[in-house]
Amino acid sequence: MGDNNDDLTPGSPKRSADQESEVDHLTKDDSSLESIVRRFQDSVSVSKKHKFWETQPVGQFKDVGDTSLSEGPIEPPTPLSEVKQEPYNLPSPYEWTTCDMDSEESCNEVYNLLKNNYVEDDENMFRFNYSKEFLRWALHPPGYYRSWHIGVRAKESKKLVAFITGVPARIRVRDEVVKMAEINFLCVHKKLRSKRLAPVMIKEVTRRVHLENIWQAAYTAGVVLPTPITTCQYWHRSLNPKKLIDVGFSRLGPRMTMSRTIKLYKLPDSPATPGFRKMGLRDVAAVTRLLKNYLSQFVVAPDFDEDDVEHWLLPTENVVDSYLVESPETHEITDFCSFYTLPSTILGNQNYTTLKAAYSYYNVATKTPLLQLMNDALIVAKQKDFDVFNALDVMHNESFLKELKFGPGDGQLHYYLYNYRVRQALRSSELGLVLL
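Residue positions are given per chain, counted from 1 along the sequence in the order it is written. Given that the model is predicted, a residue must reach a pLDDT of at least 70 before its local features are reported, and side-chain atom pairs must reach 80 or more before they are shown or counted; all residues, however, enter totals for whole chains, interfaces and linings. No hydrogens and no water enter the side-chain calculation; it runs on all heavy atoms of the structure.

Trainee: I tried to follow the overall build of the chain on my own but got confused; where do I start?
Mentor: In this description a helix means any DSSP run of H or I spanning at least four residues, a strand means any run of E spanning at least two, and both kinds are numbered starting from the N terminus. A tally of regular secondary structure across the chain gives 10 helices and 17 strands. Of all 436 residues assigned to the chain, the portion counted as buried reaches 58%. Two residues qualify as a contact provided that any one of their heavy atoms is within 4.5 Å of a heavy atom in the partner residue. Partitioning the intrachain contacts of the chain with sequence separation of at least 6 by distance along the chain shows that 77% fall at a separation of at least 24. Accessible area is worked out with a 1.4 Å probe on protein chains only. A residue is then buried under 20% of its type maximum, exposed over 50%, and partly exposed in between.

Given below as structure tokens:
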């Protein structure tokens, strides 16, 4: 477990590769788990190999490719009476706190800690800036546990200096639906990165998850830990190319002028698909049916019911946008697309402070070609003043990325399961799960 705090976080907010620049895109072969493991093992001295993760029930690098290991839980559940009842010990200047995201004061503290200390890109040009509305949405799904929203305070000043969260989810792995915690927002104040707080925080959230009789978890990280179930690539579609180039998110391609670039990325003013409209409460049942049917084809995917769909996909201003296609003739709902809003703070630029990014969420095309549906999603995102539209190469996304002028980013997102072994690493297209 490194001293940095990006051991359990999404990929960095910046991924810049312009459409026209010659990008050495990783060949599929290079991103196979075996080669990632090999590169990783070559690059890390034996003594420093994930001391923490080697003590945890996660797939270990030494087991990669061992087909004799069965799929499923790595360790059986402990009787609840044997789960540690009191919190783990923090270094003495610090104490645990539970963050009530319904309280304006508590929500502000969390927002400010993340805004100033959460994930940055490698060049420290951008930092994720999750809004307070977004954090409330992300942390209050059906059946959430307030006790899983965990903070660390400095005893003297009472200042919030670290944070980690879990929310409950049902995740299907092949034919098994497993109750899991989705772990997110692990953040340690920049000045305390050497204090080894992160491993204690991970152990503490694990303990609290166990107290609810849940024994598995899912999480993502921009770094390689033992052992990814799959590795995904971020792709970026410029919506406001001039701003993206001005702030250093992307570069002008070779032999490209600014005006040619602007023209290259220009989109129509309004969606092309007849019956394309915003999702409403009355659509929840139909969207749930579409989504359940679609997600059934992936090896790992959420098991959503109507309550989940209402929470995660009903449009919420500046948090999540969802659109669908309602057949003008039959009024049947045939297609669906969604994206969430995650801005980044632009560090050290005179002219701009915020990069407004849309992230592709869940998309289902049954009657409308996916390419056309996603082009309409780009159009509405542009109408809403987003600067860039990001997508992972999960599900069927690969089929539209190049065609719709997305460029590959410079970072990867690794997906992990805790205490659940998936025998063989998945292709990113076999993953039907998007974690925020």
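The structure having been displayed, the exposition proceeds.
Trainee: Sorry if this is basic, but what is going on with the packing of helix 2 (residues 104-117) against helix 3 (residues 132-139) here?
Mentor: For any two helices packed against each other, the geometry comes down to the angle between their axes and how far apart the axes lie. Note on method: axes are straight lines fitted to C-alpha atoms, helices fitted across the in-contact stretch only, with angles between N-to-C directions ranging 0 to 180 degrees. Their axes nearest at 10 Å, the elements helix 2 and helix 3 cross at an angle of 105°. Between helix 2 and helix 3, the angle is such that the two are roughly perpendicular. Across the interface between the two elements, E104, C107, N108, V110, Y111 and L114 from helix 2 touch K132, L135 and R136 from helix 3. Polar here means any residue outside two lists: the nonpolar Ala, Val, Leu, Ile, Met, Phe, Trp, Tyr, Cys and Pro, and the charged Asp, Glu, Lys and Arg; Gly therefore counts as polar. A breakdown of the residues in the contact of helix 2 with helix 3 according to their chemical character gives five nonpolar, one polar and three charged. Any angle from 65 to 115 degrees is called roughly perpendicular, while one under 35 is roughly parallel, one over 145 is roughly antiparallel, and all others are oblique.

Trainee: Looking at this structure, how should I read the pairing of strand 5 (residues 176-188)?
Mentor: When a strand is regular, its side chains alternate between the sheet's two faces. By the criterion of burial, strand 5 is predominantly enclosed, with 10 of the 13 residues buried. At least two DSSP bridges between two strands are needed for those strands to be called paired. Pairing of strand 5 with strand 6 (residues 216-221) involves three bridges; the strand directions are parallel. Note on strand 6: the bridge partner recorded for A181 is A217. Crossover handedness is defined here as right-handed if the route from the first strand over the helix to the second strand goes clockwise, with the strands pointing away from the viewer. Of the crossover connections in this fold, the one passing from strand 5 over helix 4 (residues 197-211) to the parallel strand 6 is right-handed.

Trainee: I would appreciate a short explanation of the packing of helix 7 (residues 284-295) against helix 8 (residues 306-313) in the present structure.
Mentor: Where helix 7 meets helix 8, the closest approach of the two axes is 9 Å, and the angle between their N-to-C directions is 100°. Overall, the two elements helix 7 and helix 8 adopt an arrangement that is roughly perpendicular. Of the residues in helix 8, those touching helix 7 at V284, A285, V287, T288 and L291 are E306, V309, E310 and L313. Within the contact of helix 7 with helix 8, the residues separate by chemical class into six nonpolar, one polar and two charged.

Trainee: Looking at this structure, I do not really get the nonpolar core. What am I missing?
Mentor: The nonpolar side chains of a soluble globular protein tend to be buried with one another. Residue types Ala, Val, Leu, Ile, Met, Phe, Trp, Tyr and Cys, when buried and joined through side-chain atoms within 4.5 Å, form a set referred to as a nonpolar core. Core analysis: the largest hydrophobic core is formed by 80 residues, its most contacted members being Y361 and Y362. Residue contributions to this core peak at seven residues, all from helix 7. Ignoring sequence-local partners within four residues, the contact set of Y361 consists of W137, W312, L313, V320, S338, F339, Y340, M395, V434 and L436. Membership of the second largest hydrophobic core comes to 32 residues, among which are I150, V200, M201 and Y418.

Trainee: Help me understand unusual backbone geometry in this model?
Mentor: It is generally the case that most residues other than glycine have a negative phi and that most peptide bonds are trans. The phi dihedral of N213 is positive, around 65°, even though this residue is not glycine. Among the structural elements, N213 can be located in the loop between helix 4 and strand 6. By relative accessible area, N213 is classed as partly exposed at 45%. Even without a glycine there, the phi angle at R255 is positive, about 60°. Counting through the fold element by element, R255 comes out in the loop between helix 5 (241-246) and helix 6 (258-264).

Trainee: What exactly am I supposed to notice about helix 9 (residues 370-383) here?
Mentor: An α-helical segment advances 3.6 residues per turn. Residues three or four places apart therefore align on the same side. Its 14 residues give helix 9 an end-to-end C-alpha distance of 20 Å, which sits within 8% of 20 Å, the value for a rise of 1.5 Å per residue. Along helix 9, the residues classified as buried are L370, L373, M374, D376, A377, L378, I379, V380 and A381. Count one or two residues on from helix 9 and you reach D385, which has phi positive near 75°. Take the residue count of a helix, subtract one, and multiply by 1.5 Å to get its expected span.

Trainee: Would you take a moment to explain the environment of R237 for this structure?
Mentor: When you line up the elements, R237 lands in strand 7 (residues 230-238). For R237, a relative accessible area of 2% gives the class buried. Between the C-alpha atoms of R237 and G407, which are 170 residues apart in sequence, the distance is 6.4 Å. Aside from chain neighbours lying at most four places away, what touches R237 is Y265, L267, L378, D387, V388, F389, L404, K405 and F406. Polar contacts involving the side chain of R237 include one to the main-chain carbonyl oxygen of Y265, which spans 3.1 Å. Polar contacts involving the side chain of R237 include one to the main-chain carbonyl oxygen of L404, which spans 2.8 Å. Whenever two N or O atoms come within 3.5 Å, that pair is a polar contact, provided that in protein one can donate a hydrogen and the other can accept it, and provided that, for residues adjacent in sequence, both atoms are side-chain atoms.

Trainee: What am I meant to see in the sheet that holds strand 13 (residues 354-355) here?
Mentor: Two pairing modes exist for strands in a sheet, parallel and antiparallel, and in both the strands are linked by backbone hydrogen bonds. Read across the open sheet, the three strands follow the order 2-12-13; overall the sheet is antiparallel. Each having just a single partner strand, strand 2 (126-128) and strand 13 make up the two edges of the open sheet. In this structure, strand 12 (residues 344-346) lies alongside strand 13, joined through two bridges in antiparallel fashion. Each residue of the ladder has a partner; that of T345, found in strand 13, is T354.

Trainee: Explain the packing of aromatic side chains to me, please; I cannot follow it from the model alone.
Mentor: Classification of ring pairs uses Phe, Tyr and Trp, with its six-membered ring standing for Trp, and accepts pairs whose centres are within 6.5 Å; under 30 degrees between planes counts as stacked, over 60 as edge-to-face, and the remaining range as tilted. Tallied over the full model, the rule gives 27 aromatic pairs. Residues W137 and Y361 carry aromatic rings whose centres are separated by 6.2 Å and whose planes lie at 70° to one another, so their mutual orientation is edge-to-face. Within this pair, whereas W137 is found in helix 3, its partner Y361 is found in the loop between strand 14 (357-360) and strand 15 (364-365), the two being separated by 224 residues in sequence. The class of W137 is buried, set by a relative accessible area of 5%. The residue whose ring lies beneath K84 is Y88, and the NZ or CZ to ring-centre distance is 5.0 Å. Each ring is checked for a lysine NZ or an arginine CZ that lies within 6 Å of its centre and within 35 degrees of its normal; such an atom marks a charge sitting over the ring. In this structure, K356 is placed above the aromatic ring of F386, and the distance from its NZ or CZ to the ring centre is 4.4 Å.

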